[in-house]
Amino acid sequence: MKRALFLIPFALLFIISAGCDRVKVQTDNSENQQLISSVMTQESQTEMTTNEILNDLLEGNRRFVKNSLNLRNLPAQVKATTSGQFPKAVILSCIDSRVPVELVFDQGIGDIFVARVAGNVENEDVLGSIEYSVGVAGSKLIMVLGHESCGAVKSAVKKLDVGSENVTFLLNQIEPAILSIAGERDYKDKNYLADVIKSNVKLTIEDIRKRSAIVRNLEAEGKIQIVGAYYNLHDGSVSLLE
Ligand SMILES: [Zn+2]
C-alpha cells in the first residue's frame, strides 16, 4: 500500500505531461498548416482552366499518396456551401470501397461531383448527372476513373451469374471492353484484366461523347475536357490514360 501511494505522484505527472503533449501537438498542427475553410465559388469556377483543374486533382492525388492531405475546417466548408455549389469537376468512378474519390484527390466539400456505379459505366442516369454537372452547374472536367483489380470487370470477364437480371444487365455493359482486348478470357491474368479495365474507361468516354450532345458541344467549344484515369490499388496513385 505504501509503495502504491509512493507511485501516485509519478502517475499524476505522467498523466499531466501526456495531456500537455496532446495539446501541444494540436497547437503545432494548426500553426504549421492552416485549415482550409474556403470553398469553390462561381468566380473560382469561372477562372480555373480545364488544365488547372486537372492539375489540381493530380496534385491532390500526390498529397494522398504522400499521406499529407490538406487540413480542412469541414464544418466551415459545410456552412460556406449551404446556399450553393460550384464544383470544378465531375468524376465517374466505380463503387469500390478502396477508391474513396474525394480522399484520393484530396478534395473538400463542394469541390467535385462524384457519380459511382460498379464498373464505372455510363447509363441514362449517369449521363443525366454528368450533363447536369457540366451543362447546368458549370463543372469543366469530366474524369472516368477505372481502378486496378476491379471486381465488376473481373465478374464480367468470368461471366458471373448470380441469378439476378440486374447484375447481368450491369455486367453486360462491360462486355464491349472485354471483346476489344485480344487474348484468353482469363480474369486471373493481371495484365489482361488491366487492359480490359483501361479499355472499359476509354469505351465509357466514347459512349458519353456519342450519347450526349451537351457534352459533345461543350467539348467542341473547348469549354470542358474529358479524361480517363486509372487508380493503382498498391500505392493509391492515379495515372492518366492516353
Ligand atoms: Zn471496380
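In what follows, the structure referred to is the one given above.
Enquirer: Explanation requested: the coordination of the zinc ion in the structure shown.
Expert: Ideal coordination angles are 109.5 degrees for a metal with four donors arranged tetrahedrally and 90 or 180 degrees for a metal with six donors arranged octahedrally. Protein ligation of the zinc ion involves Cys 94 (SG), His 147 (NE2) and Cys 150 (SG), the donor distances falling in the range 2.0 to 2.3 Å. Every donor residue of the zinc ion comes from the same chain, spaced as C-x52-H-x2-C. Residue class for Cys 150 comes out buried when judged on its relative accessible area of 0%.

Enquirer: Quick question: what am I supposed to make of unusual backbone geometry here?
Expert: The general pattern is negative phi for most residues beyond glycine and trans for most peptide bonds. Of note, the phi angle at Asn 120 is positive, near 40 degrees, even though the residue is not glycine. With respect to the element layout, Asn 120 can be found in the loop between strand E2 (112-116) and helix H6 (124-136). Asn 120 gets classed as buried once you look at its relative accessible area, which sits at 2%. Here the phi dihedral of Lys 159 falls at roughly 55 degrees; this positive angle occurs in a residue that is not glycine. By secondary structure assignment, the location of Lys 159 is in the loop between helix H7 (151-158) and helix H8 (165-172). Judged by its relative accessible area of 59%, Lys 159 falls in the exposed class.

Enquirer: Whenever I open this one, H7 confuses me. Can you help?
Expert: In an α-helix there are 3.6 residues to a turn, and that puts residues three or four apart on one side. Where H7 is concerned, the buried positions are Ala 152, Val 153, Ser 155, Ala 156 and Val 157. Looking at the residues trailing H7, positive phi occurs at Lys 159, about 55 degrees.

Enquirer: For this particular structure, what's the right way to read the sheet that holds strand E4 (residues 225-231)?
Expert: Sheet strands pair by backbone hydrogen bonding; their relative direction is either parallel or antiparallel. Taken in spatial order, the five strands make up an open sheet running E2-E1-E3-E4-E5, and their pairing is mixed. Among the strands making up the open sheet, the edge pair consists of E2 and strand E5 (238-241). Neighbour-to-neighbour, the strand axes of the sheet open up by a mean angle of 25 degrees, direction not taken into account. As defined by bridge partners, strand E3 (residues 141-147) adjoins E4 across seven bridges and the pair is classed as parallel. Following the sheet pairing, Ile 142 is matched in E4 by Ile 226.

Enquirer: Quick question: what am I supposed to make of helix H3 (residues 50-65) here?
Expert: Compared with the 22 Å implied by 1.5 Å per residue over 16 residues, the 23 Å span of H3 between its first and last C-alpha is a close match. By the burial criterion, the buried members of H3 are Thr 50, Ile 53, Leu 54, Leu 57, Leu 58, Gly 60, Asn 61 and Arg 63. Residues of H3 that are buried sit in contact with strand E1 (89-93), helix H5 (101-104), E2, E3, E4 and E5. Backbone geometry just downstream of H3 places Asn 67 in the positive-phi region, at approximately 60 degrees.

Enquirer: What should I look at first to understand the side chain of Gln 77 in this one?
Expert: The topology assignment puts Gln 77 in helix H4 (residues 74-80). Looking at Gln 77, the relative accessible area reads 2%, which means it is buried. At 2.9 Å, the side chain of Gln 77 and the backbone oxygen of Ser 38 are in polar contact. Residue contacts for Gln 77: discarding those within four places in its chain leaves Ile 36, Ser 37, Ser 38, Val 39, Arg 72, Gly 108 and Ile 109.

Enquirer: What's the story with the pattern of salt bridges in this structure? I'm lost.
Expert: If the charged atoms of two oppositely charged side chains come close together, the side chains can form a pair. Within this structure, the stated rule accounts for ten salt bridges. Of the charged contacts in the structure, one is a salt bridge between Glu 122 and Arg 211, with a shortest N-O distance of 3.0 Å. Highlighted residues: Glu 122 in the loop between E2 and H6 and Arg 211 in helix H10 (residues 190-211), separated in sequence by 89 residues. Between Arg 211 and Glu 124 there is a salt bridge; the shortest N-O distance is 2.9 Å. Highlighted residues: Arg 211 in helix H10 and Glu 124 in helix H6, separated in sequence by 87 residues. Looking at Glu 124, the relative accessible area reads 56%, which means it is exposed. Members of the salt-bridge network, linked through shared partners, are Arg 63, Arg 72 and Asp 106.

Enquirer: Would you mind going over a nonpolar patch on the surface with me for this structure?
Expert: Taken together, the side chains of Leu 74, Val 78 and Ile 109 define a hydrophobic patch exposed on the protein surface, amounting to about 220 Å² of accessible area. As for its placement among the helices and strands, Ile 109 is situated in the loop between H5 and E2. With a relative accessible area of 31%, Ile 109 lands in the partly exposed category.

How each quantity is defined
Residues numbered from 1 in each chain as written. Predicted model: local features only at pLDDT ≥ 70, side-chain atom pairs only at ≥ 80, totals over all residues. Heavy atoms only, no water. Donors = N, O, S within 2.8 Å, 3.2 Å for Na, K, Ca; no water. Buried < 20%, exposed > 50% of the residue type's maximum accessible area, 1.4 Å probe, protein only. Helix = DSSP H or I, 4+ residues; strand = E, 2+ residues; numbered from the N terminus. Pairing = 2+ DSSP bridges. Axes fitted to C-alpha atoms, helices over the stretch in contact; angles between N-to-C directions. Expected span 1.5 Å × (residues − 1). Contact = heavy atoms within 4.5 Å. Polar contact = N/O pair within 3.5 Å; in protein donor to acceptor, adjacent residues only side chain to side chain. Salt bridge = Lys/Arg side-chain N within 4 Å of Asp/Glu carboxyl O. Patch = residues over 30% accessible without salt bridge, like charges linked within 9 Å, V, L, I, M, F, W, Y side chains within 5 Å. Areas by Shrake-Rupley, 256 points an atom, 1.4 Å probe, with all protein chains shown as cover.

This is a description of form; function is not addressed.
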